[in-house]
Amino acid sequence: DEEGEPIGDEIVVEIPVTLELQILRYPELNAKNSREFDYGLLGLLPLIQITEVMESSPNHDVLEAGDYVLRLADVDGPPNMRFRKMLQESKGKTIDMDVLRDGEVKSIQVHVNRKGQLGILISMINEEALIAQPMNRITLAPQGNESGSIVSTSVADLMLMPGTKIKAINERTVDTWTDLWVAFREETNEAYAKGEGVTLAMLVTHPTPQHPQETMDVTLSEQDVRDLHDLQWQSDLNSIVFDSIYTIRTADGDPMKALAMGVEETKKLIMMTYLTIDRLIRRTVGVEQLRGPVCIIHIGVSIVDRGFIYMLFFLGMISVNLAVINFLPLPIVDGGLFLFLIYEKLKGKPPSIAFQSAATIVGLCLIGTIFIVTFYNDVMRLIS
């Protein structure tokens, strides 16, 4: 109030924040797609942990939240990228999996759906310093006009097996992956100050019968030491929590401002449509992401409940998409007819009737194929 006293009850909102290690990224070697990377520390990669099993998952009865993935098919300790690739290569199949649950190894069979998914959420474990398949080589970021060079990691010569547990660094006890990073960082403080490399003693427990322990020497280069000390921390709280669900824009009753906003939004939708078509051609977006008439109606029904303005915007978005498609240089749509007119202007005569008929048939077949694919996707999406 005017006297500075609070009005009503005081509300205290507590947001739990867990600080965890932002693990160093090492690009995975892949000739076809050099953008792929995995999370790791000096070549050590954490095991995958299942954080949630969806109610709709086909593996709801065999997988549990908290399971560690020890083996998938014939690959022991698959790291994140390898795990995802194997699922994509096993669409619609049933494959073997070993998981660590409550300290006991469970051998199960899991079903991969037609999208290459298990119906689960995964993360890299932090609670225990258990490693997946180590990364022996990495591709460094390119410098200037030079391409990225391939180098061996610090643990390449140690021949560590997936499931190995790291117990200590230079007698500094390690329990979690965060502890591992802290231990590496603390034990390299002197080397970092001098700008030198260093050799550290790493105590590990091997995943073999009787779980023997061994102390190994890990040699870190000057660059490795700098990378360790450049690592930062991040909040476990997703930044989307602080984003609004939607933003309301208003012209404040100014018709010219409303017109400018409409032009701006239309331009954005046009560019997004062309960008989607480009990504479909480049195959970075799958055809299963396309929506057809059934899905449009389904979305429209859910939007109409939010009010007339939202429905009007939705209809405008559909109109813009149709306008973009209609102007593509394809047979039967206006873009294809426009090409015929350009041909007639340049040649002084229209294309032959036979050519126009063939182009029309091709256009009809193309549109019919797209309709069938999108209709199938819509029905399967609604069913699942």
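It should be noted that the structure appears before, not after, this text.
So, here's what we can say about the structure. (Residues numbered from 1 in each chain as written. Predicted model: local features only at pLDDT ≥ 70, side-chain atom pairs only at ≥ 80, totals over all residues. Heavy atoms only, no water.)

Description of the environment of I166
Structurally, the position occupied by I166 is in strand β12 (residues 165–169). Residue classification places I166 among the buried positions, given a relative accessible area of 1%. Through-space distance from the C-alpha of I166 to that of V204 is 4.4 Å; in sequence the pair is 38 residues apart. (Helix = DSSP H or I, 4+ residues; strand = E, 2+ residues; numbered from the N terminus. Buried < 20%, exposed > 50% of the residue type's maximum accessible area, 1.4 Å probe, protein only.)

Looking at empty space enclosed by the protein
Enumeration according to the criterion identifies one cavity of 30 Å³ or more in this entry. In terms of residue class, the lining of the largest cavity is made up of no nonpolar, one polar and four charged. (1 Å grid on protein atoms, 1.4 Å probe; cavity = no way out; pocket = protein on both sides within 12 Å on 5 of 7 lines; lining within 4 Å. Points joined across faces, edges and corners; volume = space filled by probe spheres on them. Nonpolar A, V, L, I, M, F, W, Y, C, P; charged D, E, K, R; others polar.)

Examining the sheet that holds strand β14 (residues 198–205)
Strand order in the open sheet formed by four strands is β13-β12-β14-β15, with antiparallel pairing between adjacent strands. Each of the sheet's edge strands pairs with one partner strand only, and the pair in question is β13 (172–173) and β15 (213–220). As paired strands, β12 and β14 are joined by four bridges and run antiparallel to one another. Each bridged residue has a counterpart across the sheet, and for K165 the counterpart in β14 is T205. Sheet strands touched by helix α2 (residues 177–187): β12, β13, β14 and β15. Its angle to β12, the strand with the most contacts, is close to 30°. Along the sheet face, helix α4 (residues 222–230) touches β14 and β15 and points at about 100° away from the line of β15. (Pairing = 2+ DSSP bridges. Contact = heavy atoms within 4.5 Å. Axes fitted to C-alpha atoms, helices over the stretch in contact; angles between N-to-C directions.)

Some details on the pattern of salt bridges
Summed over all chains, the structure comprises 12 salt bridges. Between R101 and E64 there is a salt bridge; the shortest N-O distance is 3.6 Å. Of this pair, R101 sits in strand β7 (residues 94–101) while E64 is found in the loop between β4 (48–53) and β5 (68–72), placing the two residues 37 residues apart along the sequence. Taking the relative accessible area as the measure of exposure, E64 reaches 41% and is therefore partly exposed. In this structure, the salt-bridge partner of D252 is K257, at a minimum N-O distance of 3.6 Å. Its relative accessible area of 61% is what places D252 among the exposed residues. Overlapping salt bridges bring together E64, D67 and R101 as one network. (Salt bridge = Lys/Arg side-chain N within 4 Å of Asp/Glu carboxyl O.)

Let's talk about helix α8 (residues 334–347)
Taking 1.5 Å as the rise per residue, α8 with 14 residues should run 20 Å; its terminal C-alpha atoms sit 20 Å apart, in good agreement. Every buried residue belonging to α8 is among G335, G336 and F340, and all of these are buried. In a view along the axis of α8, the buried residues occupy a sector of 150°, so they form one face of it. For α8, the exposed residues set more than 90 degrees away from the buried face come down to L341 and K345. For α8, the elements touching its buried residues are α7 (308–326) and α9 (353–383). Phi turns positive one or two residues past the end of α8, at G348, with a value near 80°. (Expected span 1.5 Å × (residues − 1). Arc of directions from axis to C-beta.)

Some thoughts on unusual backbone geometry
For Q210, which is not a glycine, the phi torsion comes out positive at approximately 70°. Tracing the chain through its elements places Q210 in the loop between β14 and β15. Since its relative accessible area comes to 74%, Q210 is described here as exposed. Positive phi values are uncommon outside glycine, yet D252 reaches one of about 55°. Positionally, D252 belongs in the loop between β16 (233–235) and α5 (255–282).

Quick notes on the packing of aromatic side chains
For the structure on display, the rule yields three aromatic pairs. Between F371 and F375, the ring centres sit 6.1 Å apart and the planes meet at 20°, which makes this aromatic pair stacked. Here F371 pairs with F375, and both are found in helix α9, just four residues apart, close to one helical turn. By relative accessible area, which is 38% here, F375 ends up partly exposed. (Phe/Tyr/Trp six-rings, centres within 6.5 Å; stacked < 30°, edge-to-face > 60°.)

With respect to the packing of α5 against α7
α7 packs onto α5 with a crossing angle of 50° between their chain directions and a minimal axis gap of 9 Å. As the angle between them shows, α5 and α7 are arranged oblique. Remark: the crossing between α5 and α7 carries right-handed chirality. Contacts from E265, T266, L269, I270, T273, Y274 and I277 in α5 reach F313, M317, V320, N321, V324 and I325 in α7. Tallied by class, the residues present in the contact of α5 with α7 amount to nine nonpolar, three polar and one charged. (Parallel < 35°, antiparallel > 145°, perpendicular 65-115°, else oblique. Left-handed = near helix turned anticlockwise from the far one by under 90°.)

Points about the pairing of β4
In this sheet, β5 lies alongside β4 in antiparallel orientation, the contact comprising two bridges. Counterpart to Q49 in the pairing with β5 is Y68. By the bridge criterion, five bridges tie β4 to strand β9 (residues 120–124) in an arrangement that is antiparallel. Bridge pairing in β9 places I48 opposite M124.

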